[in-house]
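Next come the chains, spelled out residue by residue.
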Amino acid sequence: MKVLVIILSVILSFCLPVKAGNYSLSAHGNASYGVKRDDTNLSGYAQGNCAHCHEQHASINGTEPNPSSAKASKFCLFADNFSGTQAGSYSQSDDFCFYCHTSLESLQVNGITNKDYSATFGGATASVTGIMDTFNQTSYHNLYDVLNSAKSYWPSTFTADSNPCAACHNPHLAKRNKAYPGDPSYTAISKPSAHDQLWGDDPGERLSDFTTYYQAPYYYGSTSTYEPNNQGKPVNGWGSNMPDYDSFCTDCHNSTNTIYSTTLSRNLYKIDWITAGGESGGDKHGKNAATTGLNIKEPFASSDLGITTGFVLSCLDCHEPHGSPNVMLIRREVNGGNLSGNITVFSTIYWSYLCGRCHKDDYKYIHHYDSEAPYPGPPKGCKSCHGSSMKGPINCNYCHFHGGDDSCLNDSSASPYCPTYYTGRRCF
Ligand code: HEC
Ligand code: HEC
Ligand code: HEC
Ligand code: HEC
Ligand code: HEC
Ligand code: HEC
Ligand code: HEC
Ligand code: HEC
């Protein structure tokens, strides 16, 4: 076996500058659960060996293990990193990683089970059980766009040959967080701006370092245990047992980067998760604090943080990282329970399924009768806001979205147009 490893290193060194680094501590390099392709041509290579991903000239000792391809792939990988396809749904040949990370025909011996974030860290009943499967849902992180953004912001790290998944994961370092959901020293992610190291494993890289005002949401089906590991408050405080996902996602989604989405055919809204300042500041779910009394549910309402406003949320309280059965990567399970249905279109009244997981869900009360309601009364001229059919719910995304306020009321080309009642309040 040792001889084979040495031979492989020599073979690889012809086309790769080999550096093992912390590979042996990674999930892929693990001797008992690491990479192992189910192919007799590879039976001489131990579990965790590089050869289960890298082959010289697409072959091992002159034979071609599954999957066979006529040409050699970049980095001596057994298949091309990425097909370049501009949109899903994806098949295995679209991304090298999908050959193993799928519930269908995985090349890994005995397959791999990867659930979505709602299940692994939220406790929800599993729906999908493979990474390719998580991407092939109603919404997904478009791999073509993700690679493009990584290339444009970090050109010395990512090139046309890179794998889009590598924007968020380093395959030589990623650990098996799913087996230790409350221990970020086992993190699976790397920031695109720091690809050569893990993100979340070191002190200073936890959500509790981004903010001391994080309140973890409930774990699925519980009102006494919390994400990400179905336990009580962590000894080092809320958010100390997970990577700092806010800094991670805002490496790309911040207030300066312009990010194009092929799927949505537009640039994304910029996200300001940092700036305080009330109605003129950034998002209130971020560091900007809510400006009026909240109609909020537990565990926020009587959080032991002892605050009534000023909570800072994690992007992954509401979003999946890969894909979801809802639009916009919205989780199917939030704050201890499933959404009451899927949100399948963007412009809709059904965003209430999401909001209602944390906010009290009487929207007539919230907007018209609460002592700090934005449109108290309710105000006359119902039709100007509610439309000619009267009193029907209004699409929530007219006002509620990242960076949004109710300025649609002030815009005669937008809907609903009702300038008298414009408040200018930051609505997200
Ligand atoms: C935008 C960033 C991003 C991209 C792109 C991305 N991931 Fe992830 N991935 C994450 C995050 C965040 C998690 C969940 C947090 C964790 O496991 O620590 C995750 C988790 C995982 C997991 C562990 C799942 C489990 O069982 O808990 C695997 C495996 C994985 N990703 C593989 C992939 C593959 C393969 C691709 C490309 C097809 C990919 N990822 C693309 C951010 C990303
Ligand atoms: C899970 C599959 C996998 C395993 C196992 C693996 N690699 Fe890689 N390796 C990749 C991918 C994918 C790339 C391309 C990186 C990218 O897309 O940015 C790569 C790239 C490389 C590179 C090019 C430089 C770089 O880091 O991008 C070297 C060198 C390398 N691998 C060496 C090794 C060695 C040595 C081992 C074993 C100790 C190993 N790899 C194990 C998937 C793997
Ligand atoms: C040869 C099969 C194989 C390939 C190809 C492969 N992986 Fe893996 N991956 C594994 C195995 C095996 C594990 C660990 C076993 C498990 O998680 O149950 C793993 C674990 C992971 C984890 C740790 C997840 C967690 O929290 O448990 C991440 C992240 C990951 N892989 C990402 C990738 C990415 C990104 C690629 C492509 C660049 C890739 N893998 C390609 C087999 C593979
Ligand atoms: C309270 C729940 C919640 C949290 C927390 C949250 N989001 Fe969102 N996100 C949404 C909703 C709802 C939408 C759909 C409305 C919209 O497009 O802004 C959305 C949409 C998005 C979009 C698409 C924007 C577009 O152009 O339509 C991106 C990108 C995004 N979120 C990233 C993030 C990041 C990054 C974070 C953390 C810094 C985050 N989200 C935190 C609920 C949330
Ligand atoms: C490497 C850069 C990068 C990182 C890191 C990143 N994203 Fe994205 N994200 C993109 C790009 C590019 C798009 C546009 C393509 C698309 O719509 O899928 C996007 C789109 C989105 C969308 C809209 C998806 C849709 O089309 O419905 C959401 C929501 C989102 N990201 C959330 C997140 C969250 C949450 C994180 C952190 C876990 C994150 N992103 C990390 C690059 C990134
Ligand atoms: C995971 C829980 C969660 C979800 C889901 C959620 N919110 Fe919130 N929301 C909060 C928390 C906590 C605050 C308080 C933030 C603060 O204290 O600064 C807040 C604050 C707000 C505020 C600021 C109110 C004020 O008085 O300034 C608005 C508006 C709001 N949310 C709207 C929404 C809408 C609309 C949705 C659905 C699209 C939604 N939220 C989904 C937890 C959530
Ligand atoms: C300035 C705009 C505006 C005006 C004017 C207005 N509303 Fe509303 N109303 C809203 C918003 C925003 C909501 C919350 C979203 C929703 O549920 O439609 C709402 C919610 C409601 C709801 C709950 C709707 C539902 O099905 O969940 C009722 C009922 C309602 N309004 C009645 C009225 C009546 C009656 C009038 C006139 C006396 C009126 N509203 C005037 C903005 C307005
Ligand atoms: C015309 C603009 C508009 C529309 C449409 C609208 N809202 Fe609101 N909503 C607001 C404003 C303004 C606030 C108050 C923000 C503040 O307090 O600073 C608000 C507050 C909220 C809050 C925060 C409640 C709290 O105090 O904890 C929730 C939740 C909410 N809306 C849900 C919805 C839902 C669900 C819909 C769609 C069914 C909707 N809204 C439609 C303007 C709107």
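Residues numbered from 1 in each chain as written. Chains lettered and ligands numbered in written order. Predicted model: local features only at pLDDT ≥ 70, side-chain atom pairs only at ≥ 80, totals over all residues. Heavy atoms only, no water.

Novice: Explain the overall build of the chain to me, please; I cannot follow it from the model alone.
Specialist: Counting its regular elements, the chain contains 10 helices and 6 strands. The C-alpha radius of gyration of the chain comes to 24 Å, within 12% of the 22 Å expected for a compact globule of 428 residues. With the C-alpha coordinates of the chain rotated into their principal frame, the extents come out at 80 × 45 × 35 Å. Looking at the 428 residues of the chain, the share that counts as buried comes to 46%. Across the chain, the fraction of contacts at a sequence separation of at least 24, relative to all contacts at a separation of at least 6, is 53%. Of the charged side chains in the chain, 29 are positive and 37 negative, and the gap between their average positions amounts to 3 Å. (Helix = DSSP H or I, 4+ residues; strand = E, 2+ residues; numbered from the N terminus. Rg over C-alpha atoms; globule rule 2.2 N^0.38 Å. Buried < 20%, exposed > 50% of the residue type's maximum accessible area, 1.4 Å probe, protein only. Contact = heavy atoms within 4.5 Å. Lys, Arg positive; Asp, Glu negative; His and termini not counted. Charge placed at Lys NZ, Arg CZ, Asp CG, Glu CD.)

Novice: I would appreciate a short explanation of the nonpolar core in the present structure.
Specialist: Taken as a class, soluble globular proteins show a tendency for nonpolar side chains to be buried jointly. Core analysis: the largest hydrophobic core is formed by 34 residues, its most contacted members being Tyr214, Tyr245, Trp273, Ile343, Trp351 and Leu354. Those elements that provide at least two residues to this core are α5 (207–210), α6 (245–249) and α7 (315–318). Residue contributions to this core peak at 3 residues, all from α6. Excluding residues within four positions of it along the chain, tryptophan 351 makes contact with Val327, Met328, Ile330, Ile343, Val345, Phe346, Cys396 and Asn397. Counting 10 residues, the second-largest nonpolar core is a separate cluster that includes Cys53, Leu77, Phe78 and Leu107. (Core = buried A, V, L, I, M, F, W, Y, C linked by side-chain atoms within 4.5 Å.)

Novice: Got a minute to help me understand the pattern of salt bridges in this structure?
Specialist: Should their charged atoms come close, side chains of opposite charge can pair. Counted under the stated rule, the structure contains 7 salt bridges. Between arginine 332 and aspartate 116 there is a salt bridge whose closest N-O contact spans 2.6 Å. Linking arginine 332 in the loop between β4 (323–324) and β5 (333–334) with aspartate 116 in the loop between α1 (2–15) and α2 (117–120), this pair joins segments that are 216 residues apart in sequence. Across the pair, aspartate 116 and arginine 332 agree in class, each one buried. Among the salt bridges present, the one from glutamate 279 reaches lysine 284, with a minimum N-O distance of 3.1 Å. (Salt bridge = Lys/Arg side-chain N within 4 Å of Asp/Glu carboxyl O.)

Novice: Is there a simple way to think about the packing of aromatic side chains in this case?
Specialist: For any two aromatic rings, the description comes down to two numbers: the centre-to-centre distance and the angle of the planes. In total, this model carries 16 aromatic pairs according to the counting rule given. Ring centres of tyrosine 90 and tyrosine 140 lie 5.5 Å apart, and the angle between their planes is 85 degrees; on these two criteria the pair is classed as edge-to-face. Here the residue tyrosine 90 occupies a position in the loop between α1 and α2, and tyrosine 140 occupies one in strand β1 (residues 139–140), the gap between them amounting to 50 residues. Exposure remark for tyrosine 90: the relative accessible area of 4% places this residue in the buried category. You can call tyrosine 140 buried: its relative accessible area is 14%. (Phe/Tyr/Trp six-rings, centres within 6.5 Å; stacked < 30°, edge-to-face > 60°.)

Novice: So what exactly am I meant to see when it comes to unusual backbone geometry here?
Specialist: Trans is the common state for peptide bonds, and a negative phi is the common state for residues other than glycine. For the bond from glutamate 298 to proline 299, the omega torsion is 5 degrees, close enough to zero to count as cis. Locating proline 299 in the fold gives a position in the loop between β3 (266–267) and α7. That bond from glycine 377 to proline 378 is cis: its omega, -5 degrees, falls within 30 degrees of zero. Tracing the backbone through its elements, the reader meets proline 378 in the loop between α9 (363–369) and α10 (382–386).

Novice: Teacher, can you tell me more about the coordination of the iron atom of ligand 6 here?
Specialist: Coordination of the iron atom of ligand 6 by the protein is provided by His285 (NE2) and His359 (NE2), with metal-donor distances spanning 2.0 to 2.1 Å. Its 6 donor atoms give the iron atom of ligand 6 angles of 86 to 179 degrees at the centre, a pattern that matches the octahedral case. In this pair, histidine 285 sits in the loop between β3 and α7 while histidine 359 sits in the loop between α8 (352–355) and α9, placing the two residues 74 residues apart along the sequence. (Donors = N, O, S within 2.8 Å, 3.2 Å for Na, K, Ca; no water. Tetrahedral: all angles 85-135°; square planar, octahedral: opposite > 155°, others 65-115°.)

Novice: I would appreciate a short explanation of the side chain of glutamine 108 in the present structure.
Specialist: Here glutamine 108 lies in the loop between α1 and α2. At 3.0 Å, the side chain of glutamine 108 and the backbone oxygen of glycine 34 are in polar contact. (Polar contact = N/O pair within 3.5 Å; in protein donor to acceptor, adjacent residues only side chain to side chain.)

Novice: Quick question: what am I supposed to make of the site of ligand 6 here?
Specialist: His285, Gly310, Cys355, Cys358 and His359 are the nearest of the 23 residues found near ligand 6. In this structure, a nitrogen atom belonging to ligand 6 sits 2.8 Å away from a side-chain N or O atom of histidine 285. Between ligand 6 and the protein, one listed contact pairs an oxygen atom with a side-chain N or O atom of threonine 292 at 2.6 Å. Split into classes, the residues belonging to the shell around ligand 6 amount to 14 nonpolar, 8 polar and 1 charged. (Near = heavy atom within 4 Å. Nonpolar A, V, L, I, M, F, W, Y, C, P; charged D, E, K, R; others polar.)

Novice: What should I look at first to understand the site of ligand 8 in this one?
Specialist: Residues in contact with ligand 8 amount to 24 residues; listed here are only the nearest, Lys284, His367, Cys396, Cys399 and His400. Contacts to ligand 8 include histidine 359, whose side-chain N or O atom sits 2.8 Å from an oxygen atom. Side-chain polar atom of arginine 425 to an oxygen atom of ligand 8: 3.1 Å apart, as the coordinates give it. For the shell around ligand 8, the element with the most residues is α9, which contributes 3 residues. Here the residues of the shell around ligand 8 are counted per class, giving 10 nonpolar, 10 polar and 4 charged. Formed jointly, the shell around ligand 8 draws a minimum of three residues from each of two domains, domain 2 (85–103 + 113–361) and domain 3 (378–421). (Domains from an automatic or database assignment.)

Novice: What is the right way to read helix α4 (residues 143–153) from this model?
Specialist: Because the α-helix completes a turn every 3.6 residues, residues three or four places apart line up on one side. Those residues of α4 that fall on the buried side of the exposure criterion are Leu143, Asp145, Val146, Leu147, Ser149 and Ala150. Of the surrounding secondary structure, the elements contacted by the buried residues of α4 are α3 (131–135) and β2 (260–261). The distance from a side-chain oxygen at the start of α4 to the backbone nitrogen of tyrosine 144 is 3.0 Å, and the residue carrying that oxygen is asparagine 142.

Novice: Before we go on, may I ask you to explain the domain arrangement of the chain in this structure?
Specialist: Interfaces are often sized by the amount of accessible area the parts lose when they come together. Per the domain assignment, the segments of the chain are domain 1 (1–79), domain 2 (85–103 + 113–361) and domain 3 (378–421). One C-alpha centre belongs to domain 2, the other to domain 3, and the line joining them spans 30 Å. The interface of domain 2 with domain 3 comprises 11 residues on the first partner and 9 residues on the second. A buried area of about 850 Å², summed over both sides, lies between domain 2 and domain 3, and 59% of it is on carbon and sulfur atoms. Counting the contacts that link domain 2 with domain 3 gives 0 salt bridges. (Buried area = accessible area lost by both parts, 1.4 Å probe.)

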